[in-house]
Amino acid sequence: MNRWFDVLNKINLLIVGGGLLITTLSGCEKGTLTSSEHEHVFITLEGRKPTCEENGLSDKVYCNECGYVLHESEVIKAGGHNIVETSSKEPSFAEYGYSHGAYCSKCGEVYTESIIIPKLEYTDYAFSAYFDFNPNLFTIDVYGDKRGKTLTKLEDLGELVWSKNGDTGELSKEDGQFNFSIRSHFDKYLYDVDVSGDYKNLKQVDDNEYRITKVSSNIVIRITPYLKTTPLVSLPSGFYDEGETLSISSDYDVYYTIDGENPNSNSFKYIHPITLEDASLSTNRNSMLQTTTPGFLTDLIEKYASINPNYKTPSTLIDKCHVFKVVAVDEFGVSSKIVSNTYFVGFDNKEYYSNTGFISLVTPPDNLFDDEIGIYVMGNNFSEDKFKNAWYSQYYWWWPGNYSLKGKEYERTANLTFFDDDKVLELQKECGIRIHGGGTRGIIEKSLNLYSREEYDGVDRFNYDFFGTGYNPKRLVLSQGGDDSNCKISDHIVSSLYKSSKCSNPNSKRYCLFINGEFWGYYYLTEKYDDVYFDYYNGIQEDNIIYVKSGAIEEGNESDLKTVKADMKFLTSLDLTDDNNYKTALDMVDIDSMVDYYALMIYINRSGDWHFYGSNYALFRSREKGNGLCEDTKYRLAIFDLNSGTFEDSQNDSIIYTRGVDALFNNFYKNATFRSLLIHRIHNIANEDFNDDNVSAFLENFINYQIQSKNEGLRFYDDPSYGEVLFSNRLNQVKNFLAERSQFVFDSWTVN
């Protein structure tokens, strides 16, 4: 092998046909490299690759004329099989099963074939039901598909197994269901019932009786007791002066926490009344974490990122409130439901909170900040390998982490308490929280989705009229402003001033957020588009809505999405210069909604992360015609996420830009009637919605938030003045844009 490399260091190689020609040797003798009268013409005798069981040979390289061997063929040992075993899986009603298998991962030889097992039919089922409960507290009675004969009485942990013929008793052969009832041994308990496994539905059919249907594999039914009565706390959530006394009473021992953790018998035990002082004097906790954003990773920021956010943890104490979670525990160790209260003490004289509501979010810290389950941190999902070669490697806020994960699996429970601008309690409830947004998931201040569900507190709505419209939402967004997080003006000014719009425009309201008692930043509570929203505001029944956002189906099904794609393809290819075709298009699109949407986008010079049927683009319609306001199957457009690529460059002809990125708009713009409607509406925005008086009134109020930017500067940059500078820069940009935009509109686009 060394000789081979020695030769290569001395010669040049040229590919000649199927061999190699050595051009620098002047000659050779057969079997040597010393002759000066012969040029070697090397050819390669291909070897063979080794298999798992047979040896292979490397290539042989020799001179075709003199026979000199440049590289001899060598034996390559057989690699041996690498046996991989696959586990078996029982079939269910939803999925196929498969048997155990074994194969070689190198050569593919199958040793044990894995056989696909068909899905179960509901007339041929087998499953086990394991009841997890405290036999000292409850007895479980199990029945067949109808109340009557007791098949099994459980007074201990029990596993029941049935098959088609019924080992323990005849069950329904139609849908694999059974009933069970729960009898408590003590009057002081209630209980929660939770089922895990493959089944369709759990329904309460009587006070203590439940029916579970279409069980197709093993399930666990967990009965969790809790005390009927909760501790009585003397003070409701609210704002108090220093020195106020908090007392707690119960027939049982009481325990509490002050950091968001769920209390138990190992927590602080309540002994005597507690005097409330200003919590801001306590040590900073979660606000000191540097695991919430890659922006703190200075080495990686310098290596990859185009922008350094200059994040710093606060060196001084930030504002805080008290968060008490209280629970009662009896002699069996059974707890009550948790009482969660928030107390803002000494806030009357704090300067950063005028004209702003308050939200206290309380959740076990691990839900947000643990490396494994925390949804607010980089966590175990963060790795340099995931972004170093990606298009977003220079954008640290796009680097994946735990905060990037989406779906119900990454929803965490929290207690939220809302107060209005006058510090009056609006609502307190348990709900689900998830991280919201795209790239902004990776910055220090993140937006949150809020979900009201029956499973959390028995109520599936936020039963409060936050926006003065009578609407009680199912979902909300707590927005930190997106890419406009330093000022938070872009979305809010449109929400506030564009009230005449015939396209959907979500309402918003400003709050300061405290997480587990610490000031976290200023946010806008914003309506979130969903089936309930479109039912209330547009009269489209919840089961009749099709809503597509950024090209993905949000409300509806995949068949609906195919319909939308086909309709958009048709509308973008139709010759709309033909008046008959234009009338056809008007039967498919609500023209007022479309004109209002595009007129706004053009007026505010929307650009960047926005394009037709893609990023930050949303449309909806009813699936079928109905009696509701908008149940006419016509497409309508919805405004959202205006926090980047807006209110910049007042002299830009954004009609040209929009025609380039939006095929639907470009096709409609070819029609003279549509052009006239559009230009009229753009002028109308300048003369009415965004006229000088309306803009001045909005900005006069909004400038009051400048002092609040100092609070965020302290929280995120350890520099109040830096937060104020970032706020002012964006505010002045928007002010200058609006001061100049109307004249550009009048000069550039003439109304016919």
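Per chain, residues are indexed from 1 in the order of the written sequence. The model is predicted, so local features are restricted to residues of pLDDT at least 70 and side-chain atom pairs to those at 80 or more, both for listing and for counting; the totals for chains, interfaces and linings are taken over all residues. Side-chain measures here rest on the full set of heavy atoms in the structure, leaving out hydrogens and waters.

Enquirer: Report on the overall build of the chain, specifying residues and quantitative values.
Expert: Only runs of H or I of at least four residues qualify as helices and only runs of E of at least two qualify as strands under DSSP, and these elements are numbered from the N terminus. Looking only at helices and strands, the chain features 15 helices and 41 strands. When a residue's accessible area, from a 1.4 Å probe over protein chains only, is under 20% of the maximum for its type it is buried; when over 50% it is exposed; and in between it is partly exposed. A total of 752 residues make up the chain; the buried ones form 50% of that total. Considering only contacts in the chain between residues 6 or more positions apart, those separated by 24 or more positions represent 64%. Carbon and sulfur atoms provide 46% of the accessible area of the chain, an area that totals close to 35,100 Å². Residues are treated as being in contact if the distance between any of their heavy atoms lies within 4.5 Å. Here the Shrake-Rupley method, with its probe set to 1.4 Å, supplies the accessible areas, and only the displayed protein chains count as covering residues.

Enquirer: So what's going on with empty space enclosed by the protein? Which residues, and what values?
Expert: Put plainly, a pocket is an open set of points on a 1 Å grid over the protein atoms alone with protein on both sides within 12 Å along at least five of seven lines, a cavity is a set where a 1.4 Å probe fits but cannot get out, and a lining residue has an atom within 4 Å of a point. Grid points are joined across faces, edges and corners, and a volume is the space filled by probe spheres set on the points. Here the structure, examined in full by the defined rule, presents three cavities of 30 Å³ or more. Approximately 60 Å³ is the volume found for the largest cavity. Taken together, Met568, Val589, Asp590, Met594, Leu619, Tyr635, Arg636, Leu637 and Leu664 make up the lining of the largest cavity. Considering only residue class, the lining of the largest cavity consists of seven nonpolar, no polar and two charged. In this structure, the second largest cavity spans a volume of roughly 40 Å³. Surrounding the second largest cavity, Asn286, Ser287, Leu289, Thr292, Phe296, Ile444, Trp520 and Arg715 form its lining. The residue classification treats Ala, Val, Leu, Ile, Met, Phe, Trp, Tyr, Cys and Pro as nonpolar and Asp, Glu, Lys and Arg as charged. All others, Gly included, are polar.

Enquirer: Quick rundown of helix 5 (residues 490-497)? Include the residues and the values.
Expert: With six of its eight residues buried, helix 5 lies for the most part within the structure. Along helix 5, the residues classified as buried are Ser490, His492, Ile493, Val494, Ser495 and Leu497. For helix 5, the elements touching its buried residues are strand 36 (508-515), strand 37 (518-527), helix 9 (591-603), helix 12 (672-689), helix 13 (692-702) and helix 15 (720-748).

Enquirer: Tell me about the side chain of Thr363, and name the residues and values.
Expert: Considering the arrangement of structural elements, one finds Thr363 in the loop between strand 31 (357-362) and helix 3 (366-369). Polar contacts involving the side chain of Thr363 include one to the main-chain carbonyl oxygen of Thr413, which spans 2.7 Å. Residues contacting Thr363, with those up to four places away along its chain left out, are Gly260, Leu368, Thr413, Ala414 and Asn516. Contacts described as polar in this section are N or O atom pairs within 3.5 Å, which, within protein, must combine one atom able to donate a hydrogen with one able to accept it, while residues neighboring in sequence count only if both atoms come from side chains.

Enquirer: Tell me about the layout of surface pockets, and name the residues and values.
Expert: Within this model, the second largest pocket holds a volume of roughly 720 Å³. Every residue lining the second largest pocket is counted, 23 residues in all, and those nearest its centre are Lys337, Ile338, Thr413, Glu430 and Tyr456. Here the residues of the lining of the second largest pocket are counted per class, giving eight nonpolar, ten polar and five charged.

Enquirer: I'd love a proper account of the sheet that holds strand 8 (residues 83-86), names of residues and values included.
Expert: For two strands to be treated as a pair, DSSP must find no fewer than two bridges joining them. Spatially, 8-10-11 is the arrangement adopted by the three strands of the open sheet, whose pairing is antiparallel. Single-partner strands in this sheet number two, and they are strand 8 and strand 11 (110-112). If you compare each strand with its neighbour and ignore which way they point, the axes differ by 25° on average. Relative to strand 11, strand 10 (residues 101-104) is paired through two bridges, and the arrangement is antiparallel. From the neighbouring strand, Tyr103 faces strand 11, where its bridge partner is Val110. Simply put, an axis is a line fit to the C-alpha atoms, just over the touching stretch for a helix, and the angle between two N-to-C directions goes from 0 to 180 degrees.

Enquirer: Before we move on, can you summarise the environment of Glu712 with the specific residues and values?
Expert: Inspection of the secondary structure assignment puts Glu712 in helix 14 (residues 706-717). The residues contacting Glu712, other than those within four sequence positions of it, are Glu445, Ser485, Lys488, Phe519, Gly521, Tyr522 and Tyr717. Side chain to side chain, Glu712 and Lys488 meet in a polar contact 3.2 Å long. Separated by 2.8 Å, the side chain of Glu712 and the backbone nitrogen of Tyr522 make a polar contact.

Enquirer: Give me the lowdown on helix 9, citing residues and values where you can.
Expert: To estimate the expected span of a helix, count its residues, drop one, and scale the result by 1.5 Å. Between its first and last C-alpha atoms helix 9 spans 18 Å; for 13 residues at 1.5 Å apiece the expected length is 18 Å, and the two agree. The buried count for helix 9 comes to twelve of 13 residues, which makes it a mostly enclosed element.

Enquirer: Requested: an account of a negative patch on the surface, with residues and values cited.
Expert: Judged by side-chain charge, Asp241, Glu242, Glu244, Glu277 and Asp348 come together as a negatively charged surface patch. Secondary-structure assignment places Glu244 in the loop between strand 23 (238-240) and strand 24 (245-246). According to the relative accessible area criterion, Glu244 is partly exposed, its value standing at 32%. Patch definition: residues above 30% relative accessible area lacking any salt bridge, with like charges linked at up to 9 Å and the nonpolar side chains Val, Leu, Ile, Met, Phe, Trp and Tyr linked at up to 5 Å. Salt-bridge detection follows one rule: a side-chain nitrogen of Lys or Arg within 4 Å of a carboxyl oxygen of Asp or Glu. In this tally, Lys and Arg are treated as positive and Asp and Glu as negative; His is ignored, and so are the chain termini. Taken as the charge centre is NZ of Lys, CZ of Arg, CG of Asp or CD of Glu, depending on the residue.

Enquirer: Tell me what's going on with the packing of aromatic side chains, and back it up with residues and numbers.
Expert: Each Phe, Tyr or Trp ring (for Trp, its six-membered ring) is paired with any other whose centre lies within 6.5 Å, and the angle between the two planes then decides the class: stacked below 30 degrees, edge-to-face above 60, tilted in between. In total, this model carries 74 aromatic pairs according to the counting rule given. Seen in terms of ring centroids, Phe387 and Trp399 are 4.0 Å apart; in terms of plane orientation they differ by 5°. Their pairing is stacked. Residue Phe387 is located in the loop between helix 3 and strand 32 (412-419), and its partner Trp399 is located in the loop between helix 3 and strand 32; the two are separated by twelve residues in the primary sequence. One exposure class covers both Phe387 and Trp399, and it is buried. Note on Tyr598 and Phe665: the rings are 5.0 Å apart at their centroids and 40° apart in plane angle, and the pair reads as tilted. Here the residue Tyr598 occupies a position in helix 9, and Phe665 occupies one in helix 11 (residues 663-669), the gap between them amounting to 67 residues. Residues Tyr598 and Phe665 agree in their burial class; the two are buried.

Enquirer: Explain the nonpolar core residue by residue, including any values.
Expert: In plain words, nonpolar cores are sets of buried Ala, Val, Leu, Ile, Met, Phe, Trp, Tyr and Cys residues tied together by side-chain atoms within 4.5 Å. Counting residues in each nonpolar core, the largest one holds 80 residues, and the members touching the most others are Tyr598, Leu600, Ile639, Phe668 and Phe690. By residue number, the principal contributor to this core is helix 9, which donates ten residues. Apart from the residues lying within four places of it in its own chain, the contact partners of Ile639 are Val494, Tyr498, Ser501, Cys503, Ser504, Asn505, Pro506, Tyr529, Tyr597, Leu600 and Met601. With 45 residues, the next largest nonpolar core counts Ile375, Ala414, Leu448 and Leu525 among its residues.

Enquirer: Outline the pattern of salt bridges, listing residues and values.
Expert: Evaluation of the coordinates by the stated rule reveals 33 salt bridges. In this structure, the salt-bridge partner of Asp530 is Arg475, at a minimum N-O distance of 4.0 Å. With Asp530 in the loop between strand 37 and helix 6 (531-538) and Arg475 in strand 35 (residues 475-479), the pair connects residues that are 55 residues apart, well separated along the chain. Arg475 gets classed as partly exposed once you look at its relative accessible area, which sits at 22%. Within the structure, one salt-bridge network assembled from shared partners comprises Asp132, Asp194 and Arg222.

Enquirer: Any details on the packing of helix 5 against helix 13? Residues and values, ideally.
Expert: Put simply, helix 5 and helix 13 touch, their axes get as near as 11 Å, and they point 130° apart. One way to sum up the angle between helix 5 and helix 13 is to call them oblique. The two elements helix 5 and helix 13 meet at a crossing, and its hand is right-handed. The segment helix 5 lies against helix 13, with His492, Ile493, Ser496 and Leu497 engaging Asn694, Val695, Phe698 and Phe702. Tallied by class, the residues present in the contact of helix 5 with helix 13 amount to five nonpolar, three polar and no charged. The labels follow the angle: roughly parallel below 35 degrees, roughly antiparallel above 145, roughly perpendicular from 65 to 115, and oblique for the rest. Crossing handedness follows the turn of the near helix against the far one: under a right angle anticlockwise gives a left-handed crossing, and clockwise gives a right-handed one.

Enquirer: Tell me about the sheet that holds strand 33 (residues 425-436), and please be specific about residues and values.
Expert: The strands making up a sheet associate through backbone hydrogen bonding, with each pair oriented either parallel or antiparallel. Sheet architecture is closed into a barrel: seven strands sit in the order 31-32-33-34-35-37-36, paired in mixed fashion. Taking each pair of neighbouring strands and ignoring which way they run, the sheet shows an average axis angle of 40°. Relative to strand 37, strand 35 is paired through four bridges, and the arrangement is antiparallel. Bridging from a neighbouring strand, Ser479 pairs with Tyr524 of strand 37.

Enquirer: An account of unusual backbone geometry is requested, with residue identities and associated values reported.
Expert: Of note, the phi angle at Asn616 is positive, near 55°, even though the residue is not glycine. Assignment of secondary structure puts Asn616 in the loop between helix 9 and strand 40 (618-622). We classify Asn616 as buried; its relative accessible area is 11%. At Asp718, a residue that is not glycine, the phi angle is positive and equals roughly 55°. Considering the arrangement of structural elements, one finds Asp718 in the loop between helix 14 and helix 15. Given a relative accessible area of 25%, Asp718 falls into the partly exposed group.

The analysis is restricted to geometry; functional conclusions fall outside its scope.
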